[in-house]
There are 2 protein chains.
Amino acid sequence: MSLPIGFTAHPSELLRVEPGFTLAGTPTDAAPGYSGKKDDGAATLAERAPVLAQLQEQLFAESRFEGKKSVLLILQAMDTAGKGGIVGRVVGAVDPQGVKMKSFKAPTEEEKAHDFLWRVRPAAPEPGMLGVFDRSHYEDVLIHRVHGWADEAELERRYAAINAFEQELVDAGTTIVKVMLNVGRDEQLERLGARLHDPTKYWKYNPGDLDERAHWPAYMDAYQRVFDKTSTDTAPWHVVPADKKWYARMAVQELLIKAMGELNLQWPAGDYDLAVERARLKDA
Amino acid sequence: MSLPIGFTAHPSELLRVEPGFTLAGTPTDAAPGYSGKKDDGAATLAERAPVLAQLQEQLFAESRFEGKKSVLLILQAMDTAGKGGIVGRVVGAVDPQGVKMKSFKAPTEEEKAHDFLWRVRPAAPEPGMLGVFDRSHYEDVLIHRVHGWADEAELERRYAAINAFEQELVDAGTTIVKVMLNVGRDEQLERLGARLHDPTKYWKYNPGDLDERAHWPAYMDAYQRVFDKTSTDTAPWHVVPADKKWYARMAVQELLIKAMGELNLQWPAGDYDLAVERARLKDA
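Predicted model only: the values in this text are computed from it and were never measured.

Draft legend 1. Just the interface of chain A and chain B, in detail. Residue-level contacts link 41 residues of chain A with 41 residues of chain B. Its salt-bridge partner being Arg280 of chain B, residue Asp211 of chain A comes within 2.7 Å of it at the nearest N-O pair. When residues of the side of chain A that touches chain B are traced back to their parent elements, those giving at least two are helix H2 (38-63), helix H3 (83-90), helix H7 (185-195), helix H8 (207-213) and helix H11 (274-282) of chain A.

Here's what the structure looks like:
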């Protein structure tokens, strides 16, 4: 595995949740494995964007023939951590035709009447697509745990159901990239404040964000449990320090590039006879 | 209405289908109203991309409160005309969270069992979204007319149904931007040839494209009828010369910028008490 520019080790190795990982104390303002500064990071992001775009185009092209592969980026984080920026700046470099975007909000009454995975399954990417979950089925073991909406037995059932569901997706050809954007508690306060002092950002502020912020330690515990229970070999978690937005974007971009690069994507040959079609074209 | 850089008249006026418009003889290799060259066009496209992106973000922001507005770009064209390039290069500048993309392929058996608009309605954009139809319900009066899959009476019914459907969308808050990318017959031949001589493009070639090409005059007649019957005041067509890809992209970008600009979008104030929330934040 070659290292991306400016990295002394690959983010996929540095940021992957391994057994024994502890969220508490993991720095949120670091730039693990990266030797450059903010400007370098922005330049690298721009430079690598076409690489990601081409990989996705190849994924899409393969799916037009026999290709069954897809990629699913799952983004989880506390508010203001930068999920939107990842979508806009990293995923935004990919052709919109190849992106299947899904933001999970509080479930509707209809959704609540079903099992928690009911609304998630149809949102999974079709072959050829880069799927993005902005929040996900993990809310059902995060906010539900924090607020006691599910008891311990139910939470255990859900962790297991999630692992089975993700294994199902992987077996069907989906590569899953799970990312927790790890923003610091102080940094969040600053970003919430910015939303309350910039008229172009007022709309992003939700009083409920402060309510959830008050449960910070419980959320960190809930994330720790998520990592303990659902960071599997087939779908490992990555905890990406998110106080430096430029680092988080670059790191997630590299996670996607690596995941797609390992699919050994090829430009398909086409399912027609090249010589025949070239000849047909002459009389067209 | 201020003119976009480099334009001597706005593309929305120059390219709009007015009563009496004739497709036959309309140049496909022109750059109406634009004084610059290819490089200027590419620079303008890049320069205007953030304008479009911000308008869409405002549209999205409004929808988080009372906003009911959305925009729908309908793209129709002969093969190779550059629909994909419009999506990738123009729509691609917009945050993926705000884009609802739908490519209409040949209908499935289930879709065929319903009226032709059945599969179209759910694909329309929700408030705040920029919807994109890559092909659309117009296929049901284009390819269906060319191949005689619908008789004259049925076609008439469909034109009327389309106008009623689009009026419905407009009444609900959607601005519809209809674009026919007008590629020349010779230019298409060249582009099909390119697909057969570049291994990274083989996958884009479909032998069926040549079959449809053989019906060129019938398609032009069918498009003329579409313009006659469905270029309404509420949802007019634009015929965009498409031999110069750089011009077509710039022109469609300006059509979208104008359509969104006329919505008088504002950054929403938020539905909370600013002073109260700022005070809450201090103790958070």
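Don't stop here, the text continues.
Draft legend 2. Expanded view of the environment of Ser231 of chain A. All names here are of chain A. Here Ser231 lies in the loop between helix H9 (216-230) and strand S5 (237-241). Sequence spacing of Ser231 and Arg16 is 215 residues, and the spatial spacing of their C-alpha atoms is 8.9 Å. Beyond its immediate sequence surroundings of up to four residues, Ser231 is in contact with Val17, Val226, Pro236 and Trp237. In this structure the side chain of Ser231 is engaged in a polar contact, spanning 3.4 Å, whose partner is the backbone oxygen of Val17.

Draft legend 3. The relation of the copies chain A and chain B, seen in detail. Each copy of the sequence occupies a distinct position, and chain A is placed on chain B by a rotation of 180 degrees and an axial shift of 0.0 Å, giving an RMSD of 0.0 Å. Interpreted geometrically, this transformation is the action of a two-fold axis. An overlap of 100% is found between the interface residues of chain A and their copies at the interface of chain B, pointing to a shared contact surface.

Draft legend 4. Quick peek at the UniProt feature "domain: Polyphosphate kinase-2-related" (unreviewed entry) in chain A. Residues given the UniProt feature "domain: Polyphosphate kinase-2-related" (unreviewed entry) here are residues 37-261 of chain A. Each end of residues 37-261 of chain A is marked by a C-alpha atom, and these two atoms are 26 Å apart; helix forms 52% of the span and strand 14%.

Draft legend 5. Geometry of the nonpolar core. One finds Leu73, Val179, Leu181, Phe227, Val240, Tyr247 and Leu256 of chain A to be the most contacted residues of the largest nonpolar core, which totals 77 residues. In terms of residue count, helix H10 (residues 245-261) of chain A provides more of this core than any other element does, 11 residues in total. Counting 76 residues, the second-largest nonpolar core is a separate cluster that includes Leu55, Leu130, Tyr247 and Met260 of chain B.

Draft legend 6. A look at the sheet that holds strand S3 (residues 130-134) of chain B. Residues and elements named next belong to chain B. In spatial order, the strands read S2-S3-S1-S4-S5; together these 5 strands make up an open sheet with parallel pairing. The sheet terminates laterally at strand S2 (99-103) and strand S5 (237-241), the two strands that pair on one side only. Pairwise comparison of adjacent strand axes, ignoring direction, gives a mean angle of 20 degrees for this sheet. When strand S1 (residues 70-77) meets S3, the two strands line up parallel, connected through 5 bridges. Each residue of the ladder has a partner; that of Leu72, found in S3, is Gly131.

Draft legend 7. Quick peek at helix H5 (residues 139-146) of chain B. All names here are of chain B. For H5, a buried count of 7 out of 8 residues is recorded, marking the element as mostly surrounded by other parts of the structure. All buried positions along H5 are accounted for by Glu139, Asp140, Val141, Leu142, Ile143, His144 and Val146. Elements in contact with the buried residues of H5: S1, helix H6 (152-171), helix H8 (207-213) and helix H9 (216-230). The first or second residue beyond H5 is Gly148, which carries a positive phi of 70 degrees.

Draft legend 8. Layout of the packing of aromatic side chains. Counting across every chain of the model gives 22 aromatic pairs over all chains. Here the aromatic rings of Phe7 of chain B and Tyr247 of chain B are separated by 6.4 Å at their centres, their planes lie at 50 degrees, and the arrangement is tilted. Residue Phe7 of chain B is found in the segment before helix H1 (11-14), and its partner Tyr247 of chain B is found in helix H10 (residues 245-261); the two are separated by 240 residues along the sequence. Phe7 of chain B gets classed as buried once you look at its relative accessible area, which sits at 6%. On the basis of relative accessible area, Tyr247 of chain B is assigned to the buried category, the value being 0%. The lysine or arginine in question, Lys102 of chain A, covers the ring of Phe104 of chain A, its NZ or CZ lying 5.4 Å from the ring centre. Positioned above the aromatic ring of Phe116 of chain B, the side-chain terminus of Arg158 of chain B is 5.4 Å from the ring centre.

Draft legend 9. Expanded view of the pattern of salt bridges. All told, the structure shown has 44 salt bridges over all chains when counted by the stated rule. A salt bridge links Arg121 of chain A to Glu168 of chain A, with the nearest nitrogen and oxygen atoms 2.7 Å apart. Residue Arg121 of chain A is found in the loop between helix H4 (109-112) and strand S3 (130-134), and its partner Glu168 of chain A is found in helix H6 (residues 152-171); the two are separated by 47 residues along the sequence. A residue is classified by how much of its surface remains accessible, and Glu168 of chain A, at 43% relative accessible area, is partly exposed. One salt bridge in this structure joins Arg135 of chain B and Glu139 of chain B, with 3.1 Å as the shortest N-O distance. Here Arg135 of chain B and Glu139 of chain B have matching classes, each one buried. A single network of salt bridges, built from pairs that share partners, joins Asp115, Glu154, Arg157 and Arg158 of chain A.

Draft legend 10. Highlighting the sheet that holds strand S2 (residues 99-103) of chain A. Residue and element names in this part refer to chain A. Across the sheet, which stays open at both edges, the 5 strands sit in the order S2-S3-S1-S4-S5 with parallel pairing between neighbours. Each end of this open sheet is capped by a strand with a single partner; those strands are S2 and S5. Averaged over all adjacent pairs, the angle separating strand axes in this sheet is 20 degrees, with direction ignored. Here S2 pairs with S3 via 5 bridges, running parallel. What sits directly across from Val99, in S3, is Leu130. Packing against the sheet, H6 makes contact with strand S1 (70-77) and strand S4 (174-182), and its axis sits at approximately 135 degrees to S4.

Parameters at a glance
Residues numbered from 1 in each chain as written. Chains lettered and ligands numbered in written order. Predicted model: local features only at pLDDT ≥ 70, side-chain atom pairs only at ≥ 80, totals over all residues. Heavy atoms only, no water. Contact = heavy atoms within 4.5 Å. Salt bridge = Lys/Arg side-chain N within 4 Å of Asp/Glu carboxyl O. Helix = DSSP H or I, 4+ residues; strand = E, 2+ residues; numbered from the N terminus. Polar contact = N/O pair within 3.5 Å; in protein donor to acceptor, adjacent residues only side chain to side chain. Least-squares fit on C-alpha atoms with pLDDT ≥ 70 in both. UniProt positions renumbered as here; feature names shortened; annotations may be inferred. Core = buried A, V, L, I, M, F, W, Y, C linked by side-chain atoms within 4.5 Å. Buried < 20%, exposed > 50% of the residue type's maximum accessible area, 1.4 Å probe, protein only. Pairing = 2+ DSSP bridges. Axes fitted to C-alpha atoms, helices over the stretch in contact; angles between N-to-C directions. Phe/Tyr/Trp six-rings, centres within 6.5 Å; stacked < 30°, edge-to-face > 60°. Lys NZ or Arg CZ within 6 Å of the ring centre and 35° of its normal.

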